[in-house]
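The chain contents come next:
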Amino acid sequence: MLVTLRQIVQEVSTATHLDDALDIIVRRVKDALPIDACAVYLTDVESNHYVLMAADGFNPASIGGVRIDRQEGLLGLVGERHELITVPDAAAHPRYHPSSATGEERYHSFLGVPLIHYHQVLGVLVAWKRAPGQFDKDELTFFVTIAAQLAKAIHDAAAVDEVSRMLSGEVQGDAFIQGIQMAAGVAIGTAALLDPLASLESIPDRPTQDIDAEETSFRSAVAAVHEELRASSERLAADLPGEVRALFDVYAMLLGSDGLVSDALARIRAGNWAPGAWRETIADHAKVFEQMEDPYLRVGAEDIRAIGQRVLVQLQAEAKESRQYPQQCILVGDTVSITEIAAVPVKQLAGIVCMRGSALSHTAVMARALGIPAVVSLAPLPIGRLDGCEMVIDGDQGRLYIEPSHAVRAAFRRLIGEAQARSERLMALRDLPAVTPDGFRLPLYANIGLVSDTVAARDSGAEGVGLYRTEYHFLLREAFPLEDEQYQIYREVLEAFTPRPVTLRTLDAGGDKILPYFPVVEDNPFLGCRGIRFSLDHPEIFLIQLRAMLRANAGLNNLQVLFPMISRVGELDEALGLLARAYRELLEEGRAANKLRVGVMIEVPSAVFLATALAERVDFLSVGTNDLTQYLLAVDRNNAQVTTPYDSLHPAVLNAIHQVIKGAHLRGKPVSVCGELAGDPAGALLLLGMGVDALSMSPASLARVKLVIRSFTLQRARSLLDEALGMEDGFAIHRLLNGAIEEN
Ligand code: PEP
Ligand code: MG
């Protein structure tokens, strides 16, 4: 049964259209079990109906035409209960309302199981037997299991279908793809695939003007791979056992077989460019292997893809050209790294769309810092077909419009205009202090990551830099930056803000920030060699950074250093020891250097409980709520599927921050908050109530937070905090704060 299940799910997930996917489901399920009919109904949310989409065993004419009210009949019962329901004799059931169009009156024994994805009932999978009676245990297990797996495949196929219809202009009105917010704001622009030639699956289709040239370049790429295979096999002859070396022959044979090359050539002659034609050909051939029963033969799909990638690399080499980005560029990719964002000229970058990530990923943090919207699609988009198409991204609602209508564009242009006007109004607050109506002053600082961000930070009215993520510079390089180079960068930022404070965080590599030239391979990178752990493991790299900072501070004295990911007092002592050593050595060398104020990031739960001990050793603490939330609630900050449980207003997170502030204040040390919570008006209000000493956020959030601080008295913030801390769940806290802010 497991094999049949796996095969059906596999077949469904390779279908390129929703209709095909649904047809496969009903046909294969009916064949696999002793049932007389199988049908899939999908939910039409707008009209609140279930629509019969595919069936085997029903009158074919009824498909697509039968609509059932979601409150009605046995289907309605399955949807309401969210569970599998069997009825041995449907006609005797009070909710039985057969549709005459389908011919289901012929059947008696009913089984319905809901298709649920992301808490939503996408539809119902139904099976009928002609004779009255029970479904047996194995059959029930089969349906429960397959429904759970098919729901995702159906959801994904529906999204791909929707995108296809959007691309072909079939969709009217304001259809959109629902994803989740990564960074707020709205943008209209042109999609640019990250690196369209990176992997075979992401190659777009592209019409070609010069079919002969494409054909020639394709033939020469194939010939080059043939030669490469022959040469590799020869070179490794002495080192590889014969059966492994035979793989080269298998590859050469696959490539030499008529099918692959001639299919690709036919596609080129039909007008697609060589990489697009090749992608389609490889996908088709791999699919044939994937559907084979024999697991050994199924592995052939991998070989086909591997050979596909090799030919692509050759095609890439021939088509090397310098990348041009559209004027209003919306970067689209499976994941979009901060290095890839940095490759686009800042003025041209309008937005980001990716398949993986979340509002707290570093991609999101960077998007927010740049003030551009970003959305994560919850369904796999046919990325290869999106290059160059027009898009609207609505980061506020987490929505994506592909080839939007004039009306949609006009509506969003209006929204962009309104947002600009609002931000101009907020700019009026720029030079006013963040002070509550009852006279409490709360300094607001900016989070930045690149020297170029200093302009936005100063324009926002920030009173200094509360978090400079030095790792961005490390990530954009091809090797570790040396002391003088780091010195120049830090000095520039310090000078831009002097005499206002600038907090430089030491290298926070690891997790999702892997240095391209120093990859640390770990099973759990977020629980691995990250932040201070990496720096302490590599004192030779850490000392260079500390020396550069101490030198940059000479004569300016506005630098504060911040250590990330401290989880033990011992780590802090070691880091402080290295800092003292770097200072001593600089003095011995006769170089100008100034001591620094030192802070510790509180972003690991253990550090919360050590706040007082840590505060005793340093000048200040800074709470990193992004990681603290991730580690405290055990939710991956990069995983879009767990955005609901990821909540920095969760009472446990609020209590932890409160404890840190109280613990540090016991030793008379100030606490700032530099995670995204500080830039959220609701979060800022609660932090104000907790007695936080400073907030640091992306420059784009600063004015809104200042408005909130200037609108609520400290006393009111404290009473809201008291109320929030008495609550048991984050939703209630969100409601409380949003209500208070709206009222204000
Ligand atoms: C945090 O974890 O809250 C933080 C500010 O650091 P980063 O987002 O860079 O991990
Ligand atoms: Mg962090």
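Parameters and conventions
- Residues numbered from 1 in each chain as written.
- Chains lettered and ligands numbered in written order.
- Predicted model: local features only at pLDDT ≥ 70, side-chain atom pairs only at ≥ 80, totals over all residues.
- Heavy atoms only, no water.
- Helix = DSSP H or I, 4+ residues; strand = E, 2+ residues; numbered from the N terminus.
- Rg over C-alpha atoms; globule rule 2.2 N^0.38 Å.
- Buried < 20%, exposed > 50% of the residue type's maximum accessible area, 1.4 Å probe, protein only.
- Contact = heavy atoms within 4.5 Å.
- Lys, Arg positive; Asp, Glu negative; His and termini not counted.
- Charge placed at Lys NZ, Arg CZ, Asp CG, Glu CD.
- Pairing = 2+ DSSP bridges.
- Axes fitted to C-alpha atoms, helices over the stretch in contact; angles between N-to-C directions.
- Donors = N, O, S within 2.8 Å, 3.2 Å for Na, K, Ca; no water.
- Parallel < 35°, antiparallel > 145°, perpendicular 65-115°, else oblique.
- Left-handed = near helix turned anticlockwise from the far one by under 90°.
- Nonpolar A, V, L, I, M, F, W, Y, C, P; charged D, E, K, R; others polar.
- Core = buried A, V, L, I, M, F, W, Y, C linked by side-chain atoms within 4.5 Å.
- Domains from an automatic or database assignment.
- Buried area = accessible area lost by both parts, 1.4 Å probe.
- Salt bridge = Lys/Arg side-chain N within 4 Å of Asp/Glu carboxyl O.
- Near = heavy atom within 4 Å.
- Polar contact = N/O pair within 3.5 Å; in protein donor to acceptor, adjacent residues only side chain to side chain.
- Areas by Shrake-Rupley, 256 points an atom, 1.4 Å probe, with all protein chains shown as cover.
- Phe/Tyr/Trp six-rings, centres within 6.5 Å; stacked < 30°, edge-to-face > 60°.
- Lys NZ or Arg CZ within 6 Å of the ring centre and 35° of its normal.

## A short note on the overall build of the chain
Here comes step 1: Scanning the chain from terminus to terminus reveals 27 helices and 21 strands.
Here comes step 2: Rg of the C-alpha trace for the chain: 30 Å, near the compact-globule value of 27 Å for 744 residues, within the 12% margin.
Here comes step 3: Taken along its principal axes, the extent of the C-alpha atoms in the chain is 85 × 75 × 50 Å.
Here comes step 4: For the chain, buried positions account for 53% of its 744 residues.
Here comes step 5: Long-range pairs, those at least 24 residues apart, make up 65% of the contacts in the chain between residues at least 6 apart in sequence.
Here comes step 6: One finds the centroid of the 68 positive side-chain charges in the chain at a distance of 6 Å from the centroid of its 96 negative side-chain charges.

## Describing the sheet that holds strand β1 (residues 37–44)
Here comes step 1: With antiparallel pairing, six strands are arranged side by side in an open sheet as β3-β2-β1-β6-β5-β4. Here the strands that pair on one side only, and so sit at the sheet edges, are β3 (67–69) and β4 (85–87). Here the strands of the sheet are splayed against their neighbours by 25° on average, with no regard to which way each runs.
Here comes step 2: Bridge count for strand β2 (residues 49–56) against β3 is three bridges, and the pairing is antiparallel. Residue Val 51 lies in a different strand from β3, and its bridge partner there is Arg 67.
Here comes step 3: Sheet strands in contact with helix α4 (residues 137–167) are β1, β4, β5 (109–117) and β6 (120–129), and its direction is about 35° off that of β5.

## A closer look at the coordination of the magnesium ion (ligand 2)
Here comes step 1: Here the magnesium ion (ligand 2) is held by the protein donor atoms Glu 603 (OE) and Asp 627 (OD), which lie 2.0 to 2.2 Å from it. Of the two residues, Glu 603 sits in the loop between β18 (597–602) and α20 (605–609) while Asp 627 sits in helix α22 (residues 625–633), which places them 24 residues apart along the sequence. One exposure class covers both Glu 603 and Asp 627, and it is buried.

## Observations regarding the packing of α22 against helix α23 (residues 651–666)
Here comes step 1: Contact pair α22 / α23: the axes reach a minimum separation of 10 Å and the direction vectors enclose 120°. Considering their axes alone, α22 and α23 lie oblique with respect to each other. The handedness of the crossing between α22 and α23 is right-handed. For the pair formed by α22 and α23, the contact residues are Thr 625, Leu 628, Thr 629, Leu 632 and Leu 633 on the first element and Ala 652, Val 653, Ala 656 and Ile 657 on the second.
Here comes step 2: The class makeup of the residues in the contact of α22 with α23 is seven nonpolar, two polar and no charged.

## A few points about the packing of helix α18 (residues 539–552) against helix α19 (residues 569–588)
Here comes step 1: Look at α18 against α19: their axes get within 9 Å of each other, and the N-to-C directions meet at 60°. Between α18 and α19, the angle falls in the class oblique. In the crossing of α18 with α19, the sense of the turn from one axis to the other is right-handed. Contacts between α18 and α19 involve Pro 539, Phe 542, Leu 543, Leu 546, Arg 547, Leu 550 and Arg 551 on the former and, on the latter, Ala 575, Leu 578, Leu 579, Arg 581, Ala 582, Tyr 583, Glu 585 and Leu 586.

## Some thoughts on the nonpolar core
Here comes step 1: Residues Leu 331, Phe 563, Ile 602, Leu 614, Leu 621, Ile 657 and Leu 695 are the most contacted members of the largest nonpolar core, which totals 129 residues.
Here comes step 2: Domain assignment of the residues forming this core places at least three in each of domain 2 (183–193 + 325–424) and domain 4 (430–743).
Here comes step 3: The contact partners of Leu 331, leaving out residues within four places of it in the chain, are Ala 192, Leu 194, Tyr 325, Val 336, Glu 340, Ile 341, Val 344, Leu 349, Gly 351, Ile 352 and Val 353.
Here comes step 4: In this structure, Ile 8, Ile 25, Phe 143 and Ala 147 belong to the second largest nonpolar core, which totals 34 residues.

## Remarks on the domain arrangement of the chain
Here comes step 1: What the domain assignment reports for the chain is domain 1 (2–168), domain 2 (183–193 + 325–424), domain 3 (200–318) and domain 4 (430–743).
Here comes step 2: Contact with domain 2, which involves 16 residues of that partner, is made by 19 residues of domain 4.
Here comes step 3: Across the domain 2 to domain 4 interface the summed buried area is about 1,500 Å²; carbon plus sulfur atoms make up 64%.
Here comes step 4: Counting across the domain 2 and domain 4 interface gives one salt bridge.
Here comes step 5: The closest approach of N and O atoms between Arg 368 and Glu 676, which form a salt bridge, is 2.2 Å.
Here comes step 6: When contributions to the side of domain 2 that touches domain 4 are tallied by element, the ones reaching two or more residues are α11 (338–342) and α12 (362–370).
Here comes step 7: In terms of residues, the side of domain 2 that touches domain 4 owes the most to one element, α12, which gives six residues.
Here comes step 8: In terms of residue class, the side of domain 2 that touches domain 4 is made up of nine nonpolar, six polar and one charged.

## Quick notes on the site of ligand 1
Here comes step 1: Around ligand 1 there are 16 residues in total, and Arg 469, Arg 505, Gly 624, Asn 626 and Arg 637 lie nearest to it.
Here comes step 2: Between ligand 1 and the protein, one listed contact pairs an oxygen atom with a side-chain N or O atom of Asp 627 at 2.9 Å.
Here comes step 3: Coverage of ligand 1 by the protein amounts to 100% of the 290 Å² it exposes when considered alone.
Here comes step 4: Put simply, the parts of the chain that give the shell around ligand 1 at least two residues each are β15 (465–469) and α22.
Here comes step 5: Ranked by residues supplied to the shell around ligand 1, first place goes to α22 with three residues.
Here comes step 6: Taken together, the residues that form the shell around ligand 1 break down as three nonpolar, five polar and eight charged.

## Quick word on the pairing of strand β12 (residues 390–394)
Here comes step 1: Of all five residues in β12, four are buried, a share of seventy percent or more.
Here comes step 2: Inspection of the sheet shows strand β8 (residues 186–193) paired to β12 by five bridges, in the antiparallel sense. Bridged to Thr 190 within β12 is Glu 390.
Here comes step 3: Strand direction decides the pairing type here: β12 and strand β13 (residues 399–402), joined by four bridges, are antiparallel. Among the inter-strand pairings, Ile 393 is bridged to a residue of β13, identified as Leu 400.
Here comes step 4: Adjacent in sequence and paired antiparallel, β12 and β13 are bridged by four residues, among which Gly 398 carries a positive phi angle near 70°.

## A short note on the packing of aromatic side chains
How two aromatic rings sit relative to each other is given by the distance of their centres and the angle of their planes.
Here comes step 1: One pass over the structure, following the stated rule, counts eleven aromatic pairs.
Here comes step 2: Grouped by ring-pair contacts, the aromatic residues Phe 474, Phe 480, Phe 518 and Phe 534 constitute a single cluster.
Here comes step 3: Over the aromatic face of Phe 135 sits the side chain of Lys 129, whose NZ or CZ is 4.6 Å from the ring centroid.
Here comes step 4: The side chain of Arg 551 reaches across the aromatic face of Tyr 487, ending 4.5 Å from its centre.

## Remarks on the environment of Arg 667
Here comes step 1: Position of Arg 667 among the secondary structure elements: in the loop between α23 and β20 (671–673).
Here comes step 2: Each C-alpha atom of the pair Arg 667 and Thr 612 lies 6.7 Å from the other, and the pair is 55 residues apart in sequence.

## Points about the pattern of salt bridges
Here comes step 1: Counted according to the given criterion, the structure contains 35 salt bridges.
Here comes step 2: The salt bridge involving Asp 161 is made with Arg 165; its shortest N-O contact spans 3.9 Å. Remark: Arg 165 and Asp 161 occur in helix α4; sequence separation between them is four residues, near one turn of the helix.
Here comes step 3: Judged by relative accessible area, Asp 161 falls into the buried class, the value being 12%.
Here comes step 4: Classification of Arg 165 as partly exposed rests on a relative accessible area of 32%.

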